[in-house]
Amino acid sequence: MTRRRSAGLAAFVVVALAAATLSLGRSAAADAVPWPANPNWQQYVLGPATPNVTPVAVVSTSGNVTNAGALVTGGSGSAKLTMVSGGPAPVIILDYGKNVGGFPYFTVAAQSGNPVLRASYSEGSQYIGANGDGGGAFNAGDRSRANNYTVRGAGTINHSLIQGGERFQRIALTSPGSVTLSAVGIRFSAYRATANEYQGYFVSSSDELNKIWYAGAYTNQLSMLPPGTGGINQLPLILDGAKRDRNVWIGDIYVEGPTNYVSLGSNGNDYLKQSIRLLGSYQLSSGFVTGCLAPQSPVHTGPLIPGTTACYSTSYSLYFAPDLADYYRATGDLAFVRSQFPVVQRQLGWNASRLNSQGLLVTDTSDGLDWDWYDGNKTGAVTAYNALYYLNLIEAAYLARETGQVDLATQYTNKAAALRTAINANLFNSSTGVYDLSDKVRGTVTQDANAEAVLFGVAPASAVPGILTKLKSTLWGTHGPRPFSGSGYSTLISPFISGIELNARLSTGDTTGGMQLVSDVWGQMVRPGPNYTGTMWENIKPDGSIEKGSTSLAHGWSSAPTSALTRYVLGARPVDAGYATWIVQPQPGSLSWTAGQVPTPHGPLAVKWGRAAGDGFDMDVTAPNGTSGTIAVPASGADTAITVNGTSVWDRGTFSAGAGVTSARSDGSYVYMTVSASGNYRVSVRAGSGEPTPTQRYEAETAPAACQGRIDSNHSGFSGTGFCNADNTVGAYSQFTVNAPAAGTATIGVRFANGGATVRPGNLVVNGATVTAVSFEGTGAWTTWVTKTVTIPVNAGNNTIRFSPTTAEGLPNVDFLEVGA
Ligand code: GCU
Ligand code: CA
């Protein structure tokens with residue numbers, strides 16, 4: 001990006017030509033789409049490009065160190081650490097730029113004396129001392145975050161244990177001598193995904209959401225253990241976190257599964273399948289499913305293991321059927337469901353033996369733990385556990401139906417209905433308007449109980465808005481929700497349970513609340529800071545900091561936004577297993593466009609959508625072979641016209657079949673169109689009759705428009721004769737003068753291209769007053785032009801509309817302004 005230019009005379013030259021462009025055809029404008037032609041999602045992918053990962057920067061050195069920069073990617077020569085007896089220890093602190101994990105190696109070019117090399121590791125920058133961050137692996141990795149090596153000569157030292165998550169590495173000598181290092185690095189041992197390994201993607205007009213989506217996917221990848229890694233595991237498995245625990249956990253899979261299904265698709269599905277299978281094989285004779293295992297464990301064969309409960313708790317055990325059902329919905333792998341269904345049945349048998357006289361599931365001090373292990377056992381009839389039991393019954397009924405066991409399905413459905421009635425009768429507190437924590441702990445506002453009751457469908461629809469409002473007003477803080485009101489429970493923010501709340505909000509239409517939650521909880525993880533790791537944190541203190549060094553900063557259970565953004569914001573979800581039927585139903589919130597695809601066994605289901613001028617909405621859906629589905633567009637229906645592939649299918653409430661759309665209906669918020677076949681559907685939604693709203697276009701290069709900068713024409717795709725390339729400074733502007741027939745509001749569309757690396761924020765100033773902030777997201781290239789729509793107040797007569805940048809990056813290149821009539 002160049003920074004300087006002089007205001008040239010070119011601006012005056014083009015004015016004379018401008019008149020010829022005023023009648024630019026409307027058809028050309030109609031063909032334009034409100035999303036970039038080739039949005040660059042690949043730029044957000046975090047997986048390393050090479051199997052050996054090397055540091056990207058030297059953070060600091062101390063003591064006698066020379067040429068530490070040799071150890072950085074692209075560095076040359078060797079770094080030398082020297083320690084004299086009684087002298088200071090030489091230390092180099094290296095930064096890998098983001099979390100990586102694997103087997104450390106050190107290439108020694110020379111050595112003298114009897115030096116001991118000590119390497120230590122941390123995820124967060126503040127924990128990189130001589131002992132590292134203290135967050136060693138419980139299994140399948142190094143339990144220590146610091147290792148000593150007696151260096152005896154030239155050659156490569158290969159560490160035999162995995163340091164599963166580290167952004168920072170400290171290298172020091174702890175005894176006299178010298179060591180010359182030509183390289184250090186990590187042999188990446190997790191699942192290494194470049195853009196090629198992503199069968200699904202997500203990219204939108206929000207840079208922050210894009211970063212969150214890929215950080216979630218990468219968190220999962222760092223938690224994946226390919227088969228045979230270091231002789232540890234036979235099966236592809238997914239662990240809870242990168243550095244710790246490095247165990248397979250059934251509750252974590254409830255979030256990790258969907259993250260993988262929407263990002264890696266069939267490249268990652270087996271990691272979930274085998275993890276579920278491994279856990280299910282350790283079912284006890286009571287029916288209790290083991291909720292955690294070391295990845296070294298072989299699949300258990302033979303009779304059920306004697307016993308009543310094992311790792312970890314009743315609530316975790318209840319995730320088995322939901323994990324299996326999610327896997328099945330993504331893959332359509334019915335054979336695996338059949339093989340695991342007996343485990344589900346026995347599990348439900350165990351739960352049925354643990355009901356109180358009200359029909360509620362109870363726990364005691366032997367099995368009452370949950371995601372918040374630090375809060376201890378919750379006992380009695382705990383609402384969250386009963387909500388999970390309800391989900392388990394619903395999913396078991398679904399799986400029974402899919403495997404042809406109709407009577408069993410009916411039994412489970414009836415049990416679910418009875419349980420729902422019992423929960424609502426006994427655990428909802430009408431004075432607080434939310435579910436109580438349990439039949440023993442009344443009055444506490446509880447995030448998990450309520451988020452789960454909403455998401456799993458325990459809460460009646462009429463109670464949902466009140467519950468969501470109460471959670472927000474009682475529990476939300478700047479850095480995310482605390483999980484419980486009052487005292488007695490930890491105030492650590494949980495991205496795991498907040499992920500359930502996120503899905504609860506988005507699935508019930510609270511897009512605004514859901515998007516705010518994403519920004520509050522996960523936005524802070526992708527912004528620069530001491531704990532930036534490119535990965536999602538296990539938990540967070542109320543002030544946004546990290547509780548302790550051993551806290552995992554790459555925890556798969558915190559990756560919920562990845563699947564939630566795909567399912568609800570992009571809007572692509574399976575209806576029948578394996579996406580044999582699907583629905584695409586975007587929740588745009590404040591985004592101007594989103595593009596992405598979700599992997600299915602039939603091929604990708606691809607979606608692009610964007611807001612068009614005049615309250616319009618455009619969407620492009622490409623459905624894979626052998627599938628059919630529902631395309632839902634946000635629109636009132638009564639005052640909406642819709643074309644599909646140019647054919648009118650909906651005119652203000654009246655449906656006409658065509659273009660593959662076989663039926664349509666409206667619920668006042670969406671119009672749902674059923675399509676019976678695969679293929680491409682270009683959907684265009686317009687207000688009213690759909691007759692193009694007459695719009696007036698004002699070119700940025702044509703007076704009375706003014707450009708504080710210069711008029712350029714070097715990046716193709718602009719309309720008219722050029723565009724305003726404003727100076728890259730806060731005082732620059734692109735200004736239009738627009739005539740309005742009457743005072744009121746006007747919808748304006750500004751067309752721009754931002755090929756720069758960052759978002760370019762600005763103010764929209766109408767007649768001298770700032771009416772709103774606008775952010776001009778990167779469009780990927782200076783030749784990629786997109787239109788952003790904003791509604792503004794206008795006076796009768798002439799109005800000046802000015803875009804004023806608020807950062808030194810200045811404005812994007814501005815092509816024109818369009819105003820609806
Ligand atoms: C490049 C580009 C210009 C753009 C500028 C910027 O120089 O060619 O069209 O205006 O970057 O960063 O603003
Ligand atoms: Ca510029």
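Everything below is about the structure printed above this text.
Residues numbered from 1 in each chain as written. Chains lettered and ligands numbered in written order. Predicted model: local features only at pLDDT ≥ 70, side-chain atom pairs only at ≥ 80, totals over all residues. Heavy atoms only, no water.

## Considering the sheet that holds strand 11 (residues 201-204)
Which entries qualify depends on this criterion: Strand pairing is assigned whenever DSSP detects at least two bridges linking the two strands. In this description a helix means any DSSP run of H or I spanning at least four residues, a strand means any run of E spanning at least two, and both kinds are numbered starting from the N terminus. Note on contacts: a residue pair is in contact if any heavy atoms of the two residues lie within 4.5 Å. Note on method: axes are straight lines fitted to C-alpha atoms, helices fitted across the in-contact stretch only, with angles between N-to-C directions ranging 0 to 180 degrees.
Read across the sheet, eight strands follow the order 11-22-23-24-31-26-27-28 without closing on themselves; strand pairing throughout is antiparallel. The sheet is open, and its two edges are formed by strand 11 and strand 28 (654-655), each paired on a single side. Summarising the sheet, strand 27 (residues 647-651) and strand 28 pair through two bridges and their orientation is antiparallel. Bridging across to strand 28, Trp650 finds its partner in Phe655. Of the strands in this sheet, strand 11, strand 22 (593-598) and strand 23 (605-612) touch helix 15 (residues 560-570), which is tilted by about 120° from strand 22.

## Regarding the nonpolar core
Rules: In this text, buried Ala, Val, Leu, Ile, Met, Phe, Trp, Tyr and Cys residues form a nonpolar core when linked through side-chain atoms within 4.5 Å. Think of it in three bands: with a 1.4 Å probe and only protein chains considered, a residue is buried below 20% of the maximum accessible area for its type, exposed above 50%, and partly exposed in between.
The biggest cluster of nonpolar side chains holds 191 residues, and the ones touching the most others in it are Phe106, Met619, Ile642, Met673 and Val683. Per-element accounting of this core gives the leading share, eleven residues, to helix 9 (residues 383-402). Residues in contact with Val683, not counting those within four places in the same chain, are Phe617, Asp618, Met619, Ile631, Val633, Ile642, Thr643, Val644 and Met673.

## Focus on the state of the cysteines
The condition is simple: What counts as a disulfide here is a pair of cysteine sulfur atoms lying within 2.5 Å.
Per the counting criterion, the structure on display carries two disulfides. The disulfide partner of Cys292 is Cys311, and the S-S distance across this bridge is 1.8 Å. Because the torsion about its S-S bond is 115°, the bridge between Cys292 and Cys311 counts as right-handed. With Cys292 in strand 15 (residues 292-293) and Cys311 in the loop between strand 15 and helix 6 (314-317), this pair connects stretches of sequence that are 19 residues apart. Between the sulfur of Cys707 and that of Cys724 lies a disulfide, 2.1 Å long from S to S. Between Cys707 and Cys724 the sulfur-sulfur dihedral comes to about 80°; the bridge is accordingly right-handed. On the criterion of sequence distance, the pair formed by Cys707 in strand 33 (residues 706-712) and Cys724 in strand 34 (residues 723-726) is long-range, its members being 17 residues apart. On the accessibility criterion, Cys724 (0% relative accessible area) is buried.

## Focus: the coordination of the calcium ion (ligand 2)
Put simply, the test is: For Na, K and Ca the donor cut-off is 3.2 Å, while for other metals it is 2.8 Å, and in both cases only N, O and S atoms qualify; water is not among them, so sites may look incomplete.
Donor atoms from the polypeptide that bind the calcium ion (ligand 2) are Asn725 (OD1), Ala726 (O) and Asn728 (OD1), placed at 2.4 to 3.1 Å. Accessibility expressed as a relative area gives 8% for Asn725, which makes it buried. Look at Asn728 and you get buried, because its relative accessible area is 7%.

## Section: the sheet that holds strand 21 (residues 581-584)
Taking strand neighbours across the sheet as the criterion, the five strands line up as 20-21-25-30-29 in an open arrangement whose pairing is mixed. With one partner strand each, in any of the chains shown, strand 20 (572-574) and strand 29 (661-666) form the two edges of the open sheet. On average, adjacent strands in this sheet sit at an angle of 20° to one another, irrespective of strand direction. Taken together, the six bridges between strand 25 (residues 628-634) and strand 30 (residues 670-675) define a ladder with antiparallel strand orientation.

## Overview of empty space enclosed by the protein
Here is the rule: Here a cavity means grid points, on a 1 Å grid over the protein atoms only, where a 1.4 Å probe fits yet cannot get out; a pocket means an open set of points with protein on both sides within 12 Å along at least five of seven lines; lining residues are those with an atom within 4 Å of a point. Grid points are joined across faces, edges and corners, and a volume is the space filled by probe spheres set on the points. In the scheme used here, Gly and all other residues not listed as nonpolar or charged are polar, with Ala, Val, Leu, Ile, Met, Phe, Trp, Tyr, Cys and Pro taken as nonpolar and Asp, Glu, Lys and Arg as charged.
What the rule picks out here adds up to two cavities of 30 Å³ or more. In this structure, the largest cavity encloses a volume near 50 Å³. Taken together, Gly101, Ile162, Gly164, Ser189, Ala190, Leu222, Ser223, Met224, Leu225, Leu239 and Arg246 make up the full set of residues lining the largest cavity. By volume, the second largest cavity amounts to about 30 Å³. Lining the second largest cavity, in full, are Ala613, Gly614, Thr695, Thr747, Ile748, Gly749, Thr789, Glu818, Val819 and Gly820. Elements that contribute at least two residues to the lining of the second largest cavity include exactly strand 36 (744-753) and strand 41 (813-820). Taken together, the residues of the lining of the second largest cavity break down into three nonpolar, six polar and one charged.

## What to know about unusual backbone geometry
Residue Asp245 follows Arg244 across a cis peptide bond; omega there is -5°. Within the fold, Asp245 resides in the loop between strand 13 (237-238) and strand 14 (248-249). A positive phi angle, close to 50°, is found at Asn67, a residue other than glycine. Structurally, Asn67 is set in the loop between strand 3 (64-66) and strand 4 (79-83). Judged by its relative accessible area of 41%, Asn67 is partly exposed. Phi at Ala659 takes a positive value of approximately 55°, unusual for a residue other than glycine. With respect to the helices, strands and loops of the structure, Ala659 is situated in the loop between strand 28 and strand 29.

## Quick word on the environment of Gly129
For Gly129, the location among the structural elements is in the loop between strand 6 (116-122) and strand 7 (146-150). Looking at Gly129, the relative accessible area reads 28%, which means it is partly exposed. Through-space distance from the C-alpha of Gly129 to that of Ala146 is 9.3 Å; in sequence the pair is 17 residues apart. Every residue in contact with Gly129, bar those within four places of it in the chain, is listed here: Ser120 and Arg170.

Taken by themselves, the reported measurements are silent on function.
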